[in-house]
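Structural overview
Okay, here's what each chain looks like letter by letter:
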Amino acid sequence: MLEKLESIKWKILVVYIGLIFGILIFAGFFVQRSLQDYFTETIQENLIKELNLVSGLIEEQLKEDDYEQLNRSINRYGEDLEKRITVMDIRGEVLADSQEDPARMENHLYRPEVQEVLTEGIGKEIRYSSTVDREMKYVAIPIIRDNQTKEILRIAINLEELWYIYIDIWVVLFRAGIIAILISLFLALKLITKITDPIRSITWAAERIANGYLDQNIVVNTNDEVGRLASMFNHMVNKVKEKVEEISNEKNKVEAIVTSIGDGVIAIDNKGKIILFNSAAQKIFGIKEEEVLNKSIIQVTKNHKLDELMNRDLRDNQFIMEEIEILLPQKRIFRVQIAPIKGQQMIVGAVGVLRDVTELRRLEQMRTEFVGNVSHELKTPLTSIKGYVETLLDTKPDYETYDSFLNIVSQETNRLDRLIGDLLELSKIESKSDYFVQEDIDIVTQIANTICLLEDKAAKKGIDIVLDLSYEYYQIKGNKDQISRLLINLVDNAIKYTPEGGQVRVGSYLKDNSLVIEVEDDGIGIPQKDLPRVFERFYRVDKARARKLGGTGLGLSIVKHIVEDHKGKIEVESEVDKGTKFIIELTKV
Ligand code: ADP
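Residues numbered from 1 in each chain as written. Predicted model: local features only at pLDDT ≥ 70, side-chain atom pairs only at ≥ 80, totals over all residues. Heavy atoms only, no water.

1. Quick word on the overall build of the chain
If you tally the helices and strands in the chain, you get 16 helices and 17 strands. Taken against the 2.2 N^0.38 rule, which gives 25 Å for 589 residues, the C-alpha radius of gyration of the chain at 66 Å runs more than 25% over that of a compact globule. Across its three principal directions, the C-alpha atoms of the chain cover 210 × 55 × 35 Å. Across the 589 residues of the chain, 39% fall into the buried class. The contacts in the chain between residues at least 6 apart in sequence include a share of 57% that link residues at least 24 apart. When the accessible surface of the chain is split by element, carbon and sulfur atoms take 55% of a total near 35,500 Å². Counting 78 positive and 96 negative side-chain charges, the chain places the centres of these two groups 6 Å from one another. (Helix = DSSP H or I, 4+ residues; strand = E, 2+ residues; numbered from the N terminus. Rg over C-alpha atoms; globule rule 2.2 N^0.38 Å. Buried < 20%, exposed > 50% of the residue type's maximum accessible area, 1.4 Å probe, protein only. Contact = heavy atoms within 4.5 Å. Areas by Shrake-Rupley, 256 points an atom, 1.4 Å probe, with all protein chains shown as cover. Lys, Arg positive; Asp, Glu negative; His and termini not counted. Charge placed at Lys NZ, Arg CZ, Asp CG, Glu CD.)

Here's what the structure looks like:
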């Protein structure tokens, strides 16, 4: 109810009703005043007419001083006119009166109306009559004979009668006022509703917009101020809608980027509480975003360094880039870049991007090791060549020594040649240049051709090469040179690491959708602890022996690369002094 009274509608209505009442009372007052004046004037005129009439009628009696007859006439006229009539002489003595006995009436000379007659020729007065004890209207005129005022005739009416007329006027005014109020109330309500309805619609729409429903448009058909307000409101809502859409599109974009980004992104507010933890970051720390929001970095990541860096960024407001190590759930190295989030006036948070550089660091390490290994591998034969050549030059030895030294130099040179050849091969495979041309390879023929190349070497060691090939015709997609290099490396190793009289078996068969190639020997075998490392560059189980056999330590890493380039798999099974078996799986065409 209170709310209703406070609305514009009711406020206008109250003012409106007040105004109507005011105007009515004001108008009533003036109407009553002018009617009163009018009635007083009319009554006065009538009284004067009646006085003139009565004065004519009593003239004879006055002339003859017949006061008894005068009194009777006056009484009768008074009764007929329902008014009080008084006749007095010029000295104020009452000669006749229609309501009182003149003998008992006091002298009336100083009655105001009488004085007025004597001075102005006519007397009009409203005053209290002590004789009849009430408010009366008096009108008095002189009775003139022989050009002289002889008597004064006075007529009086009871003013209460006038009040009845005034009351009647007020009743009429009151009725008219009520009708006017009702009509104007009805019109006012219609008018105010016309104004307030659109305002109500705007308020309602604004409330809905505040609650997030932006699909609000107000229909107002007027062209006045309210209509313009409504159309401005609609315009504003459309603008807000556009802006909100723009912002939410931007937000979605940023969210999509942050979510899909491979780097971990973590943001905190200025109190150090997490406000963003993207899916990459969730993966890094093995936690879900819902579990981390509003918690501190240390609570969530248990990483003091990261916590310290993020909070330092909040404090110092500067760009930070550092490398940190995360131990849980697995040990990895991350490069962290942290930047402050700037608000209008102050820093409102910090955002950190975590890039996993573990692999990069591992590769760098590998490269350094590789360079070291290559230098070492090249230096050994070179030192040996240098030593023997210098000795030959300095000592001028006999033919036998000379010959044996030259043999050694030749061997070391061959080793250098093999080493550099293998290194070039490896770098070619790694660079994946035009070297990798895909073609259909008939694998059985390829194996048979390759084995031919090594038969001599096997025969020299009395090693038997057994081919256990499927008779089916099948092809793989790949690079002929690479497959050939793969087979040579494996069969060559098998011959190298198998004592004289041993056996090397090369087999192939189909398994599901793959083609399996096996190279098996009954040689010295590889100890279990070395098995996982045999594919590493320069890794040799027994360095001295391998070197003696002409190994470079690069053969198996080349094999592994080739298999990976063909999207295949390679495994090794081995037992010391029993033999070794390499199993390769390649996809069949
Ligand atoms: P290398 O040129 O020295 O043979 P590889 O990369 O081909 O280098 O082989 C790495 C090491 O693996 C060898 O030094 C050897 O110790 C071991 N190895 C490879 N093939 C065999 C095999 N068939 N039997 C036993 N040991 C092997």
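2. Examining the side chain of Asn 278
Within the element layout of this structure, Asn 278 appears in the loop between strand 7 (274–277) and helix 7 (279–285). Taking relative accessible area as the criterion, Asn 278 reaches 4% and is therefore assigned buried. When near neighbours in sequence (up to four residues on either side) are disregarded, Asn 278 contacts Val 258, Thr 259, Ile 261, Asp 263, Gly 264 and Val 265.

3. Here's the deal with the sheet that holds strand 8 (residues 320–326)
Spatially, 7-6-10-9-8 is the arrangement adopted by the five strands of the open sheet, whose pairing is antiparallel. Because the sheet does not close on itself, it has two edges, and the strands there are strand 7 and strand 8. Sheet twist, expressed as the average angle between the axes of neighbouring strands with direction ignored, equals 25°. Note that strand 6 (residues 264–269) and strand 10 (residues 347–356) share six bridges and pair antiparallel. Note on strand 10: the bridge partner recorded for Gly 264 is Leu 354. Each of strand 6, strand 8, strand 9 (332–342) and strand 10 is contacted by helix 10 (residues 304–316), which is oriented at about 160° to strand 8, the strand it contacts most. (Pairing = 2+ DSSP bridges. Axes fitted to C-alpha atoms, helices over the stretch in contact; angles between N-to-C directions.)

4. Notes on the sheet that holds strand 1 (residues 84–89)
If you walk across this open sheet you meet the five strands as 2-1-5-4-3, and the pairing is antiparallel. Sheet topology places strand 2 (94–97) and strand 3 (123–129) at the edges, where each strand pairs with a single neighbour. Within the sheet, the average angular offset between the axes of one strand and its neighbour, ignoring direction, is 25°. Of the pairings in the sheet, the one linking strand 1 to strand 2 comprises three bridges and is antiparallel in character. Note on strand 2: the bridge partner recorded for Met 88 is Val 94.

5. Some points on empty space enclosed by the protein
The probe, sized like a water molecule, is rolled over the atoms to show the empty space still left. Inspection of the entire model under this criterion finds one cavity of 30 Å³ or more. Approximately 30 Å³ is the volume found for the largest cavity. Around the largest cavity sit Glu 377, Arg 415, Leu 419, Arg 540, Gly 551 and Thr 552, which together line it. Residue composition of the lining of the largest cavity, by class: one nonpolar, two polar and three charged. (1 Å grid on protein atoms, 1.4 Å probe; cavity = no way out; pocket = protein on both sides within 12 Å on 5 of 7 lines; lining within 4 Å. Points joined across faces, edges and corners; volume = space filled by probe spheres on them. Nonpolar A, V, L, I, M, F, W, Y, C, P; charged D, E, K, R; others polar.)

6. Comments concerning the site of the ligand
Around the ligand, a shell composed of 20 residues is seen, among which Asn 493, Tyr 497, Asp 521, Thr 552 and Leu 556 lie nearest. Here Thr 580 contributes a side-chain N or O atom positioned 3.3 Å from a nitrogen atom of the ligand. When atom positions are compared with the pocket grids, the ligand is found to occupy the largest pocket. When residues of the shell around the ligand are traced back to their parent elements, those giving at least two are helix 14 (480–496), helix 16 (555–565) and strand 17 (579–587). With three residues, helix 14 is the single largest residue contributor to the shell around the ligand. Class assignment for the residues of the shell around the ligand results in 10 nonpolar, seven polar and three charged. (Near = heavy atom within 4 Å. Polar contact = N/O pair within 3.5 Å; in protein donor to acceptor, adjacent residues only side chain to side chain. Sits in = over half its atoms within 2 Å of the grid points.)

7. Some remarks on helix 16
Burial within helix 16 is extensive, with eight of its 11 residues counted as buried. Of all the positions in helix 16, only Gly 555, Leu 556, Ser 557, Ile 558, Val 559, Ile 562, Val 563 and Asp 565 are classed as buried. Packed against the buried residues of helix 16 are helix 12 (399–431), helix 14, strand 16 (569–575) and strand 17. Where helix 16 ends, the next residue or the one after it, Lys 567, has phi of about 55°, a positive value.

8. Considering the side chain of Asp 269
Inspection of the secondary structure assignment puts Asp 269 in strand 6. Buried Asp 269, no salt bridge; nearest opposite-charge side chain is Lys 271, N-O distance 5.4 Å. For Asp 269, the contacting residues outside a window of four places in its chain are Ile 275, Leu 314, Val 348 and Gly 349. (Salt bridge = Lys/Arg side-chain N within 4 Å of Asp/Glu carboxyl O.)

9. So, helix 10
Here helix 10 contains 13 residues, and its C-alpha end-to-end distance of 18 Å stays within 8% of the 18 Å for a straight helix at 1.5 Å per residue. What helix 10 keeps buried is the set Leu 306, Asp 307, Leu 309, Met 310, Asp 313 and Leu 314. An end-on view of helix 10 places all buried positions within 165° of arc, on one side of the element. Across helix 10 from its buried face, at more than 90 degrees, point the exposed residues His 304 and Arg 315. Next to the buried residues of helix 10 lie strand 6, helix 7, helix 9 (297–301), strand 8, strand 9 and strand 10. Two or three places before Lys 305, at the start of helix 10, stands the capping residue Asn 303, its side-chain oxygen 3.1 Å from that residue's backbone nitrogen. Note on helix 10: the residue one or two positions beyond its end, Asn 317, has a positive phi of about 55°. (Expected span 1.5 Å × (residues − 1). Arc of directions from axis to C-beta.)

10. Considerations on the domain arrangement of the chain
The domain architecture assigned to the chain consists of domain 1 (10–164), domain 2 (214–260), domain 3 (265–356), domain 4 (361–428) and domain 5 (436–587). Inter-centroid distance (C-alpha atoms) of domain 2 to domain 3 is 35 Å. (Domains from an automatic or database assignment.)

11. Some words on the pattern of salt bridges
Tallying each qualifying case throughout the model produces 39 salt bridges. Asp 422 serves as the salt-bridge partner of Arg 485, at 3.9 Å between the closest nitrogen and oxygen. Here Arg 485, found in helix 14, pairs with Asp 422, found in helix 12; they are 63 residues apart in sequence, far enough to count as distant. By relative accessible area, Asp 422 is classed as buried at 13%. A single salt-bridge network, built from bridges that share partners, covers Asp 468, Arg 505, Glu 518, Glu 520 and Lys 581.

12. What to know about unusual backbone geometry
Unlike most non-glycine residues, Asn 147 shows phi in positive territory, near 60°. Structurally, Asn 147 is set in the loop between strand 4 (134–145) and strand 5 (148–158). Using a relative accessible area of 78% as the deciding quantity, one classes Asn 147 as exposed.

13. Looking at the environment of Glu 45
Summarising the element assignment, Glu 45 is placed in helix 2 (residues 8–63). The exposure class assigned to Glu 45 is partly exposed, which follows from its relative accessible area of 42%.

14. A word on the packing of helix 5 (residues 160–210) against helix 6 (residues 225–260)
The interhelical angle for the contact between helix 5 and helix 6, taken along N-to-C directions, is 15°, at an axis separation of 10 Å. Taken together, the axes of helix 5 and helix 6 are roughly parallel relative to one another. The interaxial crossing formed by helix 5 with helix 6 has left-handed handedness. In this structure, helix 5 contributes Ile 195, Pro 198, Ile 202, Ala 205, Ala 206 and Ile 209 to the contact, and helix 6 contributes Val 226, Leu 229, Ala 230, Phe 233 and Val 237. The residue inventory of the contact of helix 5 with helix 6, partitioned by class, reads 11 nonpolar, no polar and no charged. (Parallel < 35°, antiparallel > 145°, perpendicular 65-115°, else oblique. Left-handed = near helix turned anticlockwise from the far one by under 90°.)

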